Protein chains: 2
Amino acid sequence: MTEENTIYIGKKPTMNYVLAVVTQLNRESTEVVIKARGKSISRAVDVAEIVKRKFVDGLKQTVTTDTEHLTNEEGKEVNVSAIEITLTK
Amino acid sequence: MTEENTIYIGKKPTMNYVLAVVTQLNRESTEVVIKARGKSISRAVDVAEIVKRKFVDGLKQTVTTDTEHLTNEEGKEVNVSAIEITLTK
């Protein structure tokens, strides 16, 4: 599992990430990891659901969640939820 | 598994749902299911993470995602992502 197989979900349109995941799966990869934090978590689930439903049949999915400790702009430590969705051919 | 064990995440403050989950686990329940759709998915992950990290040690978690087909206010069918987080003692 290399970083190459990881798609980080941010604020771009959902379909940008769907395309990135599908492209990755159409290359040599048998596995893609979709990662997101905070409010982008909902978009990460959208991406996984669209890939499975409309683009690549028969994918297996595992989902884990975590809490990450980040330092915000004011130097204060904050906790942010994170999700990791692994799609495997 | 009855509906009683299910907590639906909406737009209330996160801690309201955390309290509901913890209360459920402190009763007879050995299992609580946290469900959310659309933008509330991020809050559902927050709720599960806070419960595990601050309130109840040693919980096992399984996460599944799905796509639900709803009819919106204009009578149009829309697809919405959903998450189901099961916490088990």
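Everything quoted here is computed from the prediction, not taken from an experiment. (Residues numbered from 1 in each chain as written. Chains lettered and ligands numbered in written order. Predicted model: local features only at pLDDT ≥ 70, side-chain atom pairs only at ≥ 80, totals over all residues. Heavy atoms only, no water.)

Chemist: Quick question: what am I supposed to make of the overall build of chain A here?
Modeler: Looking only at helices and strands, chain A has two helices and four strands in total. When its C-alpha atoms are laid out on the principal axes, chain A stretches across 45 × 25 × 20 Å. Every one of the 89 residues in chain A was classed for burial, and the buried ones make up 43%. Sequence separation of 24 or more characterises 66% of the internal contacts of chain A that already satisfy a separation of 6 or more. Of the roughly 5300 Å² of accessible surface on chain A, 48% is carried by carbon and sulfur atoms. (Helix = DSSP H or I, 4+ residues; strand = E, 2+ residues; numbered from the N terminus. Buried < 20%, exposed > 50% of the residue type's maximum accessible area, 1.4 Å probe, protein only. Contact = heavy atoms within 4.5 Å. Areas by Shrake-Rupley, 256 points an atom, 1.4 Å probe, with all protein chains shown as cover.)

Chemist: Whenever I open this one, the nonpolar core confuses me. Can you help?
Modeler: One broad rule of soluble globular proteins: the nonpolar side chains tend to lie buried together. Of all hydrophobic cores here, the largest spans 46 residues; its most connected members are Ile34(A), Val51(A), Ile83(A), Ile34(B), Val51(B) and Ile83(B). Among the secondary structure elements, those contributing two or more residues to this core are helix 1 (14-26), strand 2 (31-37), helix 2 (41-55) and strand 4 (77-88) of chain A together with helix 1 (14-26), strand 2 (31-37), helix 2 (41-55) and strand 4 (77-88) of chain B. Not counting the four nearest positions on each side in its chain, Ile83(A) is found in contact with Ile34(A), Lys35(A), Ala36(A), Ile41(A), Ala44(A), Val45(A), Val63(A), Thr64(A), Thr65(A), Val45(B) and Ile83(B). (Core = buried A, V, L, I, M, F, W, Y, C linked by side-chain atoms within 4.5 Å.)

Chemist: I would appreciate a short explanation of the relation of the copies chain A and chain B in the present structure.
Modeler: In this structure, two copies of a chain are linked by a rotation about an axis accompanied by a shift along it. Least-squares fitting of chain A to chain B yields an RMSD of 0.0 Å, with the superposition described by an axial translation of 0.0 Å and a rotation of 180 degrees. Accordingly, the operation relating the two chain copies is best matched by a two-fold axis. (Least-squares fit on C-alpha atoms with pLDDT ≥ 70 in both.)

Chemist: Please clarify how the pattern of salt bridges should be interpreted in this entry.
Modeler: Close approach of charged atoms allows side chains of opposite charge to pair. Residues and elements named next belong to chain A. In total, this model carries six salt bridges over all chains according to the counting rule given. Here Glu 84 and Lys 35 are joined by a salt bridge, their closest N and O atoms 4.0 Å apart. Residue Glu 84 is found in strand 4, and its partner Lys 35 is found in strand 2; the two are separated by 49 residues along the sequence. Exposure remark for Glu 84: the relative accessible area of 32% places this residue in the partly exposed category. (Salt bridge = Lys/Arg side-chain N within 4 Å of Asp/Glu carboxyl O.)

Chemist: Please clarify how the sheet that holds strand 3 (residues 60-71) of chain B should be interpreted in this entry.
Modeler: Sheets are built from strands paired through backbone hydrogen bonds, the pairs being either parallel or antiparallel. Residue and element names in this part refer to chain B. Here four strands make up an open sheet; going across it, the order is 1-2-4-3 and the pairing mixed. Each edge of the open sheet carries a strand with a single partner, namely strand 1 (6-8) and strand 3. With strand direction ignored, the average angle separating the axes of adjacent strands in the sheet is 20 degrees. As judged from the 12 bridges shared by strand 3 and strand 4, these two strands associate in the antiparallel manner. Bridge pairing in strand 4 links Lys 60 to Thr 88. In the packing of helix 1 onto the sheet, the strands contacted are strand 1, strand 2 and strand 4, and the crossing angle to strand 2 comes to about 155 degrees. (Pairing = 2+ DSSP bridges. Axes fitted to C-alpha atoms, helices over the stretch in contact; angles between N-to-C directions.)

Chemist: What am I meant to see in the interface of chain A and chain B here?
Modeler: How big an interface is tends to be reported as the loss of accessible area on association of its parts. Facing the 18 residues of chain A at the interface are 18 residues of chain B. Taken together, both faces of the contact between chain A and chain B bury some 1400 Å²; the carbon and sulfur share is 47%. Its largest share of buried area at the contact with chain B, chain A owes to Ser42(A), Glu49(A) and Thr65(A), together 31% of the area lost on that side. Summed over the shared surface of chain A and chain B, the result is zero salt bridges. There are 19 residue pairs in polar contact (both at pLDDT 80 or more) connecting chain A and chain B. Counting residues per element, the ones that place at least two in the side of chain A that touches chain B are helix 2, strand 3 (60-71) and strand 4 of chain A. A total of seven residues in the side of chain A that touches chain B trace back to one element, the largest contributor, which is helix 2 of chain A. Class assignment for the residues of the side of chain A that touches chain B results in five nonpolar, seven polar and six charged. (Buried area = accessible area lost by both parts, 1.4 Å probe. Polar contact = N/O pair within 3.5 Å; in protein donor to acceptor, adjacent residues only side chain to side chain. Nonpolar A, V, L, I, M, F, W, Y, C, P; charged D, E, K, R; others polar.)

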